Number of protein chains: 2
Amino acid sequence: MGKLTREAVVEQALEIGDAEGLAAVTIRRLAQELGVTPMALYWHFKNKEQLTVGMADHLIEGFVIEGGYAGPWQEGLRELVAGLVRVLRRHPCAADVLDAVDHIEVPAFLQVWDTALGLAKRGGFSRDESCMISQYLLSGAVALAAGPGRHSPPGFSEQEAAERTRLKRLRLQSLPPDVYPHIVEMAVPLSEGSAPDLYDTFGVDLLMAGIEALSARSGGH
Amino acid sequence: MGKLTREAVVEQALEIGDAEGLAAVTIRRLAQELGVTPMALYWHFKNKEQLTVGMADHLIEGFVIEGGYAGPWQEGLRELVAGLVRVLRRHPCAADVLDAVDHIEVPAFLQVWDTALGLAKRGGFSRDESCMISQYLLSGAVALAAGPGRHSPPGFSEQEAAERTRLKRLRLQSLPPDVYPHIVEMAVPLSEGSAPDLYDTFGVDLLMAGIEALSARSGGH
DNA sequence: ACCTGAACACCGTTCAAGT
DNA sequence: ACCTGAACACCGTTCAAGT
């Protein structure tokens, strides 16, 4: 019925990836789920890599605030990073998708990157510094989205998630305390990962504090 | 002749991964290279995941300075992060290996983590903060090792590497300048990625500046 | 333009069997 | 203890062919 379209394929792929992990997103599995032959997908995508690029693009698409970022550059960068993390957090597999893909191939990611570059330049950083800062912030955002506080897949219940952190805690607590004293001692906070919101806020603060400190040091405004 | 040993397998795996990428590291390919049947590897490793864990462990093994880190905690953390980046940079596939693996399974990584946790606590951070800071620094180090300045695989020549950055530059320059103005303008520094040493130094500075700023803000020493 | 059928060259892994 | 042979259930992708 519903004709096979690029968008439908990508959305189905994200659904599988969110529920069962990116490894479960397979051309054949995807085709089966869409009621179609595996080779049908090759009409819409050159290969699996391009499919993954499509997934990444769909994740970020429409995120960049069009008019925005008119205030101080620090606020702009902070909002950009926090927003990117927030968008990625909506899909459990988002961070994995972005890790699996060359960012340069993803238009929506390039747009975020371009905005970050512009803000860094407004911060008075040199060209080289602006490049490094934008890369640092964006890979930092992806790492934050991949970190603890990641949404458990819709398929999995709260219980399932709680069980996983319990197993992680047990694993940490069963380590030899003489060789990993601090890890064993902190098994609880390490496995629970504190409140997810707090983690994100702290992470963004950390990223931005580094930028601002370097900005002050090198005399940027 | 040389009997098949865990270590020999891991080293061969790293050799393939460095030369042709982690995707080329395959049970069957590995067995072939070692002059053995694929199933022979299953005597030494439960499955491919454990093989990858072995690779990660071998990469970091013996890195943590035993006596060290007696000075101020900032110096200790900086040295730890810089050292980790340096060690990972010795193998082109190192960052990919660490991305593919649950760090909790890698003893050598846990040791680095434990050291980082101890240093963070000495810095006066709370338990939760210490957890987040250590995770932030270690994932930051891996991200740095994965970033530009990565060693080109031994198999590839200098020319080959130069050709790749040339292609990347062309790709960036051919983007529509009205939608990605800053990226197109900065195509050269973005593709070249500045001197690799400078990139690492800047990256570590950035990571540490964030930590120190937060430390000062919350009143840690 | 859009999809199918058949085939190719791969994977990881299990299980019984050899030495 | 350490390795092999045969088999299973998967992969991504190509290419000719259908409508």
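Remember, predicted model here, so these are calculated numbers, not experimental data. (Residues numbered from 1 in each chain as written. Chains lettered and ligands numbered in written order. Predicted model: local features only at pLDDT ≥ 70, side-chain atom pairs only at ≥ 80, totals over all residues. Heavy atoms only, no water.)

1. Examining the UniProt feature "DNA-binding region" (unreviewed entry) in chain A
Working step 1: Under the UniProt annotation, "DNA-binding region" (unreviewed entry) lies at residues 26–45 of chain A.
Working step 2: Counted over residues 26–45 of chain A, helix gives 55% and strand 0%. Its end C-alpha atoms are 13 Å apart. (UniProt positions renumbered as here; feature names shortened; annotations may be inferred. Helix = DSSP H or I, 4+ residues; strand = E, 2+ residues; numbered from the N terminus.)

2. Describing the packing of aromatic side chains
Residues and elements named next belong to chain A.
Working step 1: As enumerated under the stated definition, the model contains 2 aromatic pairs over all chains in all.
Working step 2: Relative to F125, the ring of W73 has its centre 5.7 Å away and its plane inclined at 90 degrees; by these criteria the two rings are edge-to-face. With W73 in helix α5 (residues 73–88) and F125 in the loop between α7 (107–122) and α8 (127–146), this pair connects stretches of sequence that are 52 residues apart. Here W73 matches F125 in class, with each residue buried. (Phe/Tyr/Trp six-rings, centres within 6.5 Å; stacked < 30°, edge-to-face > 60°. Buried < 20%, exposed > 50% of the residue type's maximum accessible area, 1.4 Å probe, protein only.)

3. Some words on the relation of the copies chain A and chain B
Working step 1: In the superposition of chain A on chain B (RMSD 0.0 Å, axial shift 0.0 Å), the rotation amounts to 180 degrees. Classification of the inter-copy transformation places it as that of a two-fold axis. When C-alpha positions in chain A are compared against the rotation axis, the closest is assigned to G210(A), at 1.8 Å.
Working step 2: By residue overlap, the copies meet face to face through one surface: 100% of the interface positions of chain A are interface positions in chain B. (Least-squares fit on C-alpha atoms with pLDDT ≥ 70 in both. Contact = heavy atoms within 4.5 Å.)

4. A few points about the protein's contact with DNA strand C
Working step 1: Lining the immediate environment of DNA strand C, one finds 14 residues, of which T37(A), H44(A), R28(B), Y42(B) and K48(B) sit closest.
Working step 2: When atoms of DNA strand C within 4 Å of the protein are sorted by moiety, sugar and phosphate together comprise 57%.
Working step 3: With respect to DNA strand C, the side chain of T26(B) contributes an N or O atom lying 3.3 Å from a phosphate oxygen.
Working step 4: One nitrogen or oxygen atom from the side chain of R28(B) is found 2.5 Å from a base nitrogen belonging to DNA strand C.
Working step 5: Mapped onto the surface near DNA strand C, the elements with two or more residues apiece are α3 (41–44) of chain A together with α2 (27–33) of chain B.
Working step 6: Here the residues of the surface near DNA strand C sort into 8 nonpolar, 4 polar and 2 charged. (Near = heavy atom within 4 Å. Polar contact = N/O pair within 3.5 Å; in protein donor to acceptor, adjacent residues only side chain to side chain. Nonpolar A, V, L, I, M, F, W, Y, C, P; charged D, E, K, R; others polar.)

5. Describing the domain arrangement of chain A
Working step 1: As far as domains go, chain A holds domain 1 (6–59) and domain 2 (158–192).
Working step 2: Look at where the C-alpha atoms of domain 1 of chain A and domain 2 of chain A centre, and you get two points 35 Å apart. (Domains from an automatic or database assignment.)

6. Observations regarding the side chain of Q12(B)
Working step 1: Along the chain, the position of Q12(B) falls in helix α1 (residues 6–20).
Working step 2: Residues in contact with Q12(B), not counting those within four places in the same chain, are L30(B), E33(B) and L34(B).

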